[in-house]
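Given next are the chains, with one letter for each unit.
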Amino acid sequence: MSDAGAEDRRAEDAPIRVATAVFAGGCFSCVEADLDSISGVIETVPGYTGGTVDHPRYKQVVSGDTGHYTAVKVTYDPSQVSYNELAEKFVRSIDPTDESGQFCERGESYRSAIFVSGQSERNAAVSVVSGAQRALGKDVVTEIRPLTTFWPAEDQYQDYYLKNASKYAGQREACGRDQRVAEIWGNDGPAL
C-alpha cells in the first residue's frame with residue numbers, strides 16, 4: 001500500500017541539521033544576548049573553555065587561576081546562518097583590539113577569542129580577524145584557539161539577560177559596551 005503523504009511527512013519531520021560555535025568576548029551575558037538575536041541561532045549557553053580546570057565555577061574562572069575564558073556556546077542552523085557570518089557578527093560586537101579584557105571586565109578570563117573546531121572554522125576565523133584588522137587599521141588581538149571542553153556556567157548565568165532584564169540592561173549600560181562598540185565600528189557595527 002502506498003501512502004501519498006508519507007514523503008511530505010518525512011521531509012517535515014526531518015531533524016534540522018545544527019552546528020555549534022564558541023566565542024569569548026567578556027561578559028558572557030552580553031555575548032549571549034547579542035548572539036541570541038541573530039536569525040538562525042537556536043540556543044546559546046554561557047560557560048567556560050580554554051583552561052585546565054574541570055567543572056570550573058565563575059569565581060574560580062574570573063580569579064584568573066584556571067586559564068578558562070568566559071565564553072558562549074552557540075547552536076545554530078547552518079542553512080540560515082553560516083559560521084563565517086556568526087564569527088563576523090561576534091567580532092563586530094566586541095572590541096577586538098583590547099588585549100586586557102572587554103569593556104569594564106578586565107583580566108585573562110575576559111579576553112576575546114574564537115574557539116575553532118577543524119580547519120574550516122579556523123580558515124573562517126582567520127578571514128574574519130584579518131578583515132577586522134583591515135577595517136579598523138589596528139592590531140586585532142582576538143585569539144583563534146582550538147576548541148577544548150566547554151563547561152556550562154552555573155544556572156544563575158543561563159539566560160541572565162532575560163531573567164534579570166532591567167538589572168542586565170543597567171549593567172550593560174554602566175559598562176559602556178554598546179558605546180564603545182559604536183566608537184570602534186561606527187556604521188560597520190553589529191546589526192544584531
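The structure reproduced in this document is the subject of the present report. Keep in mind it's a predicted model, so treat the numbers as computed, not measured.

## Notes on the pairing of strand β2 (residues 41-49)
Every other side chain in a regular strand lies on the same face of the sheet, so the side chains alternate between the two faces. With seven of its nine residues buried, β2 lies for the most part within the structure. With eight bridges joining them, β2 and strand β3 (residues 69-76) adopt antiparallel strand pairing. Residue pairing for β3: Thr44 is matched across the bridge by Val74. Pairing between β2 and strand β8 (residues 151-152): two bridges, direction antiparallel.

## Considering the sheet that holds β8
Here we have six strands laid out as an open sheet, ordered β7-β6-β1-β3-β2-β8, and mixed in their pairing. A single partner strand is all that each edge strand has here, and the edge strands are β7 (143-146) and β8.

## So, the state of the cysteines
Across all of its chains, the model carries one disulfide by this definition. There is a disulfide in this structure between Cys104 and Cys175, and the S-S distance comes to 2.1 Å. In this structure the cystine formed by Cys104 and Cys175 twists about its S-S bond by roughly -115°; its chirality is therefore left-handed. Residue Cys104 is found in the loop between β4 (101-102) and β5 (105-106), and its partner Cys175 is found in helix α7 (residues 165-175); the two are separated by 71 residues along the sequence. Between Cys27, a free cysteine, and Cys30, which holds the nearest cysteine sulfur, the sulfur-to-sulfur gap is 3.1 Å.

## Remarks on α7
Among the residues of α7, Tyr168, Arg172 and Cys175 are the ones counted as buried. With its buried residues spanning 65° around the axis, α7 presents them on a single face. Facing away from the buried side of α7, by more than 90 degrees, are the exposed residues Ser166, Lys167, Glu173 and Ala174. Tucked inside the fold, the buried residues of α7 contact α2 (28-36), β5, α6 (160-163) and α8 (177-185).

## Here we look at the packing of helix α4 (residues 83-91) against helix α5 (residues 119-136)
Helix packing for two helices is described by the angle between their axes and how far apart those axes are. Relative to each other, α4 and α5 sit at 35°, their axes nearing to 9 Å. The hand of the α4/α5 crossing is right-handed. In contact with Tyr83, Asn84, Ala87, Glu88 and Val91 of α4, α5 contributes Glu121, Ala124, Val128 and Ala132. Partitioned by chemical class, the residues of the contact of α4 with α5 number six nonpolar, one polar and two charged.

## So, the packing of aromatic side chains
Counted by the stated rule, this structure contains eight aromatic pairs. Grouping aromatic residues by their ring pairs yields a cluster made of Phe28, Tyr48, Tyr58 and Tyr157.

## Things to note about the pattern of salt bridges
Evaluation of the coordinates by the stated rule reveals 10 salt bridges. For Arg145, the salt bridge goes to Glu143, with nearest N and O atoms at 3.5 Å. Its relative accessible area of 26% is what places Glu143 among the partly exposed residues.

## Observations concerning the pairing of strand β6 (residues 112-116)
Burial of β6 is extensive: five of the five residues sit out of reach of the surface. In this sheet, β6 lies alongside strand β1 (residues 19-25) in antiparallel orientation, the contact comprising four bridges. Its bridge partner lying in β6, Gly25 is registered against Ser112. With four bridges joining them, β6 and β7 adopt parallel strand pairing. Bridge pairing links Ile114 to Ile144 in β7. Tracing the backbone out of β6, into α5 and back to the parallel element β7 gives a crossover that is right-handed.

## What to know about the nonpolar core
Counting 37 residues, the largest nonpolar core has Phe23, Tyr83 and Ile114 as its most contacted members. If you tally residues by element for this core, the top one is α5, at six residues. Dropping the residues within four chain positions of it, Phe23 is found in contact with Leu35, Ala71, Val72, Val74, Tyr83, Leu86, Ala87, Phe90, Ala113 and Ile114.

Quick notes on the rules
- Residues numbered from 1 in each chain as written.
- Predicted model: local features only at pLDDT ≥ 70, side-chain atom pairs only at ≥ 80, totals over all residues.
- Heavy atoms only, no water.
- Buried < 20%, exposed > 50% of the residue type's maximum accessible area, 1.4 Å probe, protein only.
- Helix = DSSP H or I, 4+ residues; strand = E, 2+ residues; numbered from the N terminus.
- Pairing = 2+ DSSP bridges.
- Disulfide = S-S within 2.5 Å.
- Arc of directions from axis to C-beta.
- Contact = heavy atoms within 4.5 Å.
- Axes fitted to C-alpha atoms, helices over the stretch in contact; angles between N-to-C directions.
- Left-handed = near helix turned anticlockwise from the far one by under 90°.
- Nonpolar A, V, L, I, M, F, W, Y, C, P; charged D, E, K, R; others polar.
- Phe/Tyr/Trp six-rings, centres within 6.5 Å; stacked < 30°, edge-to-face > 60°.
- Salt bridge = Lys/Arg side-chain N within 4 Å of Asp/Glu carboxyl O.
- Right-handed = clockwise from strand over helix to strand, strands pointing away.
- Core = buried A, V, L, I, M, F, W, Y, C linked by side-chain atoms within 4.5 Å.

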